[in-house]
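# Examination of the molecular architecture
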Amino acid sequence: MTDTASSNRARASRAKGVSTRVAVHGVLAGYTLIAIFPVVLVILNSFKNRRGIFTDPLGLPGEGTFSLEGYATVLTQGDFATYFSNSLIVTVTALFLILLLGAMAAHALAEYRFRFNTLLGIYLILGIMVPIRLGTVAILELMVDLNLVNTLLALILVYTAQGLPVAVFILTEFMRTLSRDIKDCARVDGLSEYRIFFEVVVPLIRPVLATVAVFSMIPIWNDLWFPLILASGDATKTVTLGVQQFIGQYTVNWSAVLASLSIAILPVLGALRPVLAPAYRRHHIGRRQGLTPHHPEVRRSVRTHATRRPQVLWRGQGDPRRRPANQGR
Amino acid sequence: MSDPTTDKPEGVPTRPAGRRKRRRAAGAHIFVFLAPALLIYTVFSIYPLIESLRLSLFDGLEDGTAVWAGLDNYATLLFDPNWATQFWRAFWNNLVLFFIHMVVQNPLGLLLAALLSLAPRFGSAYRTLIFVPTLLSVVIVGFIWELILSPLWGVSETLLGTIGLAWLYQPWLGLESSALATVSLISVWQYVGIPMMLIYAALLSIPDELIDAARVDGLGGWSIFWKVKLPLILPTLGIVAILTYIGNFTVSFDLIYSIQGSLGAPNFSTDVMGTLLFRTFFGQQLQVGDTHMGATIASMMFFIILVGVTIYLALVQRRLQRYEM
């Protein structure tokens, strides 16, 4: 009797588990389809000839419709290798500057109390509200004065200035939720403020840094406006500008247009995994050496601290007794 | 990296419970942390903006010099019938755009993030693929959708036909009644990955201990989501909302410009503040570029965004509770 009851309950919960799982996968797979269908469609059709593109847009390229004429046109007419290396140089350099300088500023704002702290914070995130494009004319004049027109450096500087506010905003928000104990413990261990930043704070905020990197990267890689105004020369053209001008020239040649779109898409797909992967890797500060306080006095204070404060500490770091259990995760 | 002698270890942290006290100011390292960011940001972002605000208070003469005009440019923009119709129409279109993003993009992002946080199989594959459109350039996205929705190619008509809805098909991008909504949905399609990622990261940062505690207390999956997780990620939802509001005035330009051109075709039905600014600033077929009116529109956008952000900071942000997790 009790046996059947419990097995019934088990079966019921298992059934619920299965139906939930089906629903979850249904929604996710359904939306995934919507997200990638247009992209797949363009790539498929880029391998067809003109007749194939129009008579059977949804079909796979096959006999009679398969053709590489679009790619031939693109590769002979456009200089996509240069465009790509330009985009890459600009994006990577600007991202590095945004993350490094942004995290440093956010750390200062979140960690220290000094005069004008709030004011500087507001000043730095002002740029979120103010699209940097609103100052385009002044930026152009400035670049002319600095002799930076038609250089990648001009783009890097503008994109760094553009990306900093969002980075500082998100990182400051996040750094305020970091447990203070871990930093204070490092101070007790005698680390300088710079080492605390680079060796304690940066590892802690790595997942958020990755997220910020992704968000800052998108507008830079995709921007059309500043390449057009500041660096439209052949040697400094970015992919977005290159593709845009190419499409403008070849609007009637559908295979060439689809091929150029595909060429612009493919490296993005290739970069996708490395870009997204680190964002969600869970990290454990407990693994890092030299961060956990060794003094019994500190340990005691941490413990009393942890029991007296209502907040939950960052994944058990506050309590040294938990370390062994954490390491396996 | 620095000399450790200047950083005397402070007393063991035994501050009263619940009070968050920041460290006292101590010299050079604060300056070192802040200076590089402040310098680049001030020179390339704030100074050009101030310059543009200044330009909006002047009027250009034929010979290229500028004279003080006070608020005349603003009066022209808001009350001169030639400008006012364009301005208010663009402003209204921006509000519609914002509304569609708030009711479609952000709930969709929350739903996807919540489902992903259940760690289903292939979770990272879903996440990656859903994020693909976000990484694409607006030029590409605009062109892809132009092709797909084009009656010339007929892909969307064929697709609707397979589910028996071919009669529903219209050239949505070309109709005044549907162009703005269509462009908004294309933008949602492209950018839903951003709220999804932000919310997903926030959901992941919730400590397992809290969820376990809720489960021990007898809460089910739904209750845990609504009563534990959602309150904890409210600050993130606030960030998403305000980023949507701001992006709506800035980013929307790119997509509309690349699909509908700087005139907000058809018949200005997708004209937003960004396209109006671009048109005014750089001119178009029948109109010479006007630096000072352009600067005025740019400044108006600045004030509109300022109002929204002030409301957010004063009303929303202040009431949100942050938890140390």
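Keep in mind that what you see is a predicted model, and the values were worked out from it rather than measured.

Helix and strand content of chain A: 14 helices and 0 strands. Order of helices (α) and strands (β) in chain A, N terminus to C terminus: α-α-α-α-α-α-α-α-α-α-α-α-α-α. Evaluated residue by residue, chain A yields a buried proportion of 44% over its 329 residues. Nonlocal contacts in chain A, meaning residues at least 24 apart in sequence, comprise 76% of its contacts between residues at least 6 apart.

Secondary structure summary: chain B contains 13 helices and 2 strands in total. Taking as baseline every contact in chain B between residues at least 6 positions apart, the subset at least 24 positions apart corresponds to 65%.

Our next topic: the confidence of the model for chain B. Residue-level pLDDT values for chain B average 81, and 87% of them are 70 or greater. In the model output, the complex is listed with pTM 0.74 alongside ipTM 0.79.

A word on unusual backbone geometry. All names here are of chain A. Positioned with a positive phi, Phe 116 is a non-glycine residue whose angle comes to about 65 degrees. Its location among the elements puts Phe 116 in the loop between helix H4 (80–111) and helix H5 (117–129). Residues other than glycine seldom take positive phi values, yet Asn 147 does so here, at roughly 60 degrees. Note on placement: Asn 147 falls in the loop between helix H6 (136–145) and helix H7 (152–176).

Here we come to the confidence of the model for chain A. Scored by pLDDT, chain A has a mean of 75; 75% of the residues are at 70 or more. H4 of chain A holds the highest mean pLDDT among the elements of chain A, 92, whereas helix H13 (residues 296–308) of chain A holds the lowest, 39.

One finds Ala 105, Val 158 and Leu 171 of chain A to be the most contacted residues of the largest nonpolar core, which totals 165 residues. The greatest single-element share of this core, amounting to 17 residues, is contributed by H7 of chain A. Each of two domains, domain 1 (2–67) and domain 2 (72–283) of chain A, supplies a minimum of three residues to this core. Apart from the residues within four sequence positions on either side, Ala 105 of chain A is in contact with Leu 124 and Val 168 of chain A together with Phe 33, Leu 34 and Ala 37 of chain B.

The subject of this paragraph is the environment of Ala 241 of chain B. Residues and elements named next belong to chain B. Residue position: Ala 241 is located in helix H10 (residues 221–250). C-alpha separation for the pair Ala 241 and Leu 306, spaced 65 residues apart in sequence, amounts to 15 Å. Non-local contacts of Ala 241, meaning those with residues more than four positions away in its chain, are made with Met 102 and Asn 106.

In this section: helix H12 (residues 273–282) of chain B. Among the 10 residues in H12 of chain B, 9 count as buried, and that is most of the element. Along H12 of chain B, the residues that are buried comprise Met 273, Gly 274, Thr 275, Leu 276, Leu 277, Phe 278, Arg 279, Thr 280 and Phe 281 of chain B.

Packed helices, taken two at a time, are described by the angle between their axes plus the distance between the axes. All names here are of chain B. At their nearest, the axes of helix H3 (residues 81–116) and helix H7 (residues 179–191) sit 10 Å apart, and the two run at 45 degrees to each other. Judged on the interaxial angle alone, H7 and H3 are oblique. Taken as a pair, H3 and H7 cross one another with a handedness that is right-handed. When H3 is examined against H7, the residues Asn 93, Val 96, Leu 97, Ile 100, His 101, Val 104 and Gln 105 are found in contact with a partner set consisting of Leu 180, Ala 181, Ser 184, Val 188 and Tyr 191.

Attention shifts here to the environment of Phe 99 of chain B. Considering the arrangement of structural elements, one finds Phe 99 of chain B in helix H3. Sequence separation of Phe 99 of chain B and Tyr 245 of chain B is 146 residues, and the distance between their C-alpha atoms is 9.1 Å.

Okay, the environment of Val 92 of chain A next. Following the sequence through the fold, Val 92 of chain A ends up in helix H4. Measuring from C-alpha to C-alpha, the distance between Val 92 of chain A and Ala 213 of chain A comes to 9.8 Å, with 121 residues separating the pair along the chain.

What counts and what doesn't
- Residues numbered from 1 in each chain as written.
- Chains lettered and ligands numbered in written order.
- Predicted model: local features only at pLDDT ≥ 70, side-chain atom pairs only at ≥ 80, totals over all residues.
- Helix = DSSP H or I, 4+ residues; strand = E, 2+ residues; numbered from the N terminus.
- Buried ≥ 20, exposed ≤ 12 C-beta atoms within 10 Å, placed from the backbone.
- Contact = placed C-beta atoms within 7 Å.
- pLDDT = per-residue confidence, 0-100.
- Core = buried A, V, L, I, M, F, W, Y, C linked by C-beta atoms within 7 Å.
- Domains from an automatic or database assignment.
- Axes fitted to C-alpha atoms, helices over the stretch in contact; angles between N-to-C directions.
- Parallel < 35°, antiparallel > 145°, perpendicular 65-115°, else oblique.
- Left-handed = near helix turned anticlockwise from the far one by under 90°.

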